[in-house]
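The residues making up each chain are set out below.
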Amino acid sequence: MKILVVGGGGREHAIIRKLKESRKVDALYCAPGNGGIAKDAECFSVKATDIDGMVALAKQLAVDLVFVAPDDPLVLGMVDVMQAAGFATFGPNKAAAILEGSKAFSKELMKKYHIPTAKYEIFQEADAAISYIREQNQFPTVIKADGLALGKGVIIATNLVEAEQAVKNMMEDKMFGESGSTVVVEEFLTGPEVSVLSFTDGKTVVPMVSSMDHKRALDHDEGLNTGGMGTVAPNPYYTKEMADTCMETIFLPTIQAMQAEGRPFQGCLYFGLMLTPNGPKVIEYNCRFGDPETQVVLPLLETDLVEIMKAISEQKLAELPVVWKDGCAACVVMASGGYPKKYETSLEISGLDDGGQIAGCTVYHAGTKLAEDGKQLLTAGGRVLGVTATAGDLPTALQKAYAGVKTIQWENVHYRHDIGQRALKALQ
Ligand code: AMP
Ligand code: GLY
């Protein structure tokens, strides 16, 4: 098979590395890819959101399958266009990707099908949203832009002034463009968060190993929200009993709801969950593999990913045993100093071998590029590398990942020193 992966971050690198293990894969391509992905797949400089450009590339390469990994091309309907052009695909079509593309849609779906989530109201007018927040007078309160906002469209307001400001920023000043024309105001939930990615063919849902993200930029969960500064898998808060409850009350009902709405979901559905004192509730759905969750989940996958994709496209996922490796994985994200705000790029990265790797770990490249000599790796984004290690237990996986991190350097490098600490506490 010849496979084209759309995207160019750490998640895509993890997908490509897993596909590379399959004996069914003859050639791997990636667009736009990055400096590290270029060591594992041939990269082409087509933007992930350039649907026409991507179809032209798929035709030029005569690929057998297009794997659409990021949220924006999925929500824009790249899968539909690829399928119309005759390509097999991995990822939901536009009608199903709305589960991430519109928080108002996903909240209404959960309400209609009794899937546990935070209580909420939806608003198209700033005044109405503010009156509602005043009436409720419950803080913190959560304000979410309806559409995609690079993971930044969620504001947790601790008082009325902050809440009013958030509503105005989104609805009047259009901080997130049209994504904020509609907002969801919802109840603040508490409890450990768990990410559960799943494979689904629209009928059957197969949860992957659970994981834990670390969204804040600084140690002890301080600083700004980021795309994710590190992950561990499995998530120790997610017990077998919790998994059974989630399957019964959340996973299956969601898949069946999408089927009933005429929007069957095929691909990877990501459940962002909060384990509240009143049971697990959905914080958000993502219509794709998470980043950096994928960097700890896929290394633990034993079954051939190509086999899984085939079973999904034939709607035969129920017949395929999906097997996971025992053990744990930890990923520490190495970022540019200043991220998620302003940061420098094109800095020389030292410590990586010719393949962009180090001994003892797998280095997933998120924001790297090759210098003009075609060899030296340079920084090219906020999140630069995801250093991942697997081991029989979490302390060892973390130790290996941090030992790896210490051998890699560039000017102003920033990473968290406490990835996995909360998980370790839960294990005690
Ligand atoms: P999201 O982009 O929807 O994943 O939200 C970003 C983060 O905001 C989540 O990972 C949670 O930590 C937090 N969050 C979102 N919704 C709520 C809520 N209803 N209650 C408490 N925290 C929330
Ligand atoms: N790590 C969270 C996400 O992929 O949205």
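Reading the values: the criteria
Residues numbered from 1 in each chain as written. Chains lettered and ligands numbered in written order. Predicted model: local features only at pLDDT ≥ 70, side-chain atom pairs only at ≥ 80, totals over all residues. Heavy atoms only, no water. Phe/Tyr/Trp six-rings, centres within 6.5 Å; stacked < 30°, edge-to-face > 60°. Buried < 20%, exposed > 50% of the residue type's maximum accessible area, 1.4 Å probe, protein only. Helix = DSSP H or I, 4+ residues; strand = E, 2+ residues; numbered from the N terminus. Pairing = 2+ DSSP bridges. Near = heavy atom within 4 Å. Polar contact = N/O pair within 3.5 Å; in protein donor to acceptor, adjacent residues only side chain to side chain. Areas by Shrake-Rupley, 256 points an atom, 1.4 Å probe, with all protein chains shown as cover. Nonpolar A, V, L, I, M, F, W, Y, C, P; charged D, E, K, R; others polar. Contact = heavy atoms within 4.5 Å. Axes fitted to C-alpha atoms, helices over the stretch in contact; angles between N-to-C directions. Salt bridge = Lys/Arg side-chain N within 4 Å of Asp/Glu carboxyl O. Disulfide = S-S within 2.5 Å.

Draft legend 1. Looking closely at the packing of aromatic side chains. A full pass over the atoms with the stated rule returns 10 aromatic pairs. Seen in terms of ring centroids, Phe 123 and Tyr 132 are 5.2 Å apart; in terms of plane orientation they differ by 45 degrees. Their pairing is tilted. A residue is classified by how much of its surface remains accessible, and Phe 123, at 10% relative accessible area, is buried. Take Tyr 132: its relative accessible area is 18%, and that puts it in the buried class. Here a set of aromatic residues connected by ring pairs shows up, and it is made of Phe 67, Phe 90, Phe 199 and Phe 289.

Draft legend 2. Structural view of the pairing of strand 18 (residues 328-336). Burial runs high along strand 18: nine of the nine residues are buried. Bridge analysis of strand 15 (residues 230-233) against strand 18 gives four bridges, and the strand direction is antiparallel. From the neighbouring strand, Gly 230 faces strand 18, where its bridge partner is Val 332. Here eight bridges tie strand 18 to strand 22 (residues 383-391), and the two strands are oriented antiparallel to one another. What sits directly across from Ala 335, in strand 22, is Arg 383.

Draft legend 3. Summary view of the site of ligand 1. Taken together, the neighbourhood of ligand 1 is formed by 15 residues, with Glu 186, Leu 189, Glu 193, Lys 215 and Glu 284 sitting nearest. Take Glu 187: an N or O atom from its main chain is 2.9 Å from a nitrogen atom of ligand 1. One of the side-chain N or O atoms of Glu 193 is found 2.4 Å from an oxygen atom in ligand 1. Protein contacts shield 91% of the accessible area of ligand 1, which totals 470 Å² for the unbound molecule. Contributions of two or more residues to the shell around ligand 1 are made by strand 7 (141-145), strand 8 (154-157), strand 9 (183-187) and strand 17 (279-286). Each residue belonging to the shell around ligand 1 can be placed in one class, and the counts come to eight nonpolar, no polar and seven charged.

Draft legend 4. Main features of helix 11 (residues 305-313). Looking only at helix 11, the buried set comprises Leu 305, Val 306, Ile 308, Met 309, Ala 311 and Ile 312. Against strand 1 (2-7), helix 1 (10-20), strand 4 (65-68), strand 5 (88-90), strand 10 (193-200) and strand 16 (267-276) lie the buried residues of helix 11. Its side-chain oxygen placed 2.8 Å from the backbone nitrogen of Val 306, Asp 304 serves as the N-cap of helix 11. One or two steps after helix 11, the chain reaches Gln 315, where phi turns positive at roughly 55 degrees.

Draft legend 5. Region of the structure containing the sheet that holds strand 17. The sheet built from four strands is open, its strands ordered 11-10-16-17 with antiparallel pairing. The outermost strands of the open sheet, each flanked by one partner alone, are strand 11 (205-207) and strand 17. Pairs of neighbouring strands in the sheet enclose a mean axial angle of 35 degrees, with direction left out of account. Of the strand pairs in this sheet, strand 16 and strand 17 are connected by seven bridges, and their pairing is antiparallel. Paired with Thr 276 across the bridge in strand 17 is Gly 279.

Draft legend 6. Region of interest: the pattern of salt bridges. For the structure on display, the rule yields 19 salt bridges. The partner of Lys 103 in a salt bridge is Glu 284, and the shortest N-O contact between them spans 3.9 Å. On the criterion of sequence distance, the pair formed by Lys 103 in helix 6 (residues 103-112) and Glu 284 in strand 17 is long-range, its members being 181 residues apart. On the accessibility criterion, Lys 103 (17% relative accessible area) is buried. One salt bridge connects Glu 261 with Lys 112, and the closest N-O pair in it is separated by 2.7 Å. Of this pair, Glu 261 sits in the loop between helix 9 (240-260) and strand 16 while Lys 112 sits in helix 6, placing them 149 residues apart in sequence. Each of Asp 221, Arg 416, Asp 418 and Arg 422 takes part in one network of salt bridges that share partners.

Draft legend 7. Examining the state of the cysteines more closely. Evaluation of the coordinates by the stated rule reveals zero disulfides. Here Cys 30 is not cross-linked by a disulfide; its sulfur's nearest cysteine counterpart is in Cys 43, at 5.0 Å. Counting only cysteine sulfurs, Cys 268 is the nearest neighbor of Cys 287, a cysteine outside any disulfide, at a range of 9.1 Å. For Cys 287, a relative accessible area of 1% gives the class buried.

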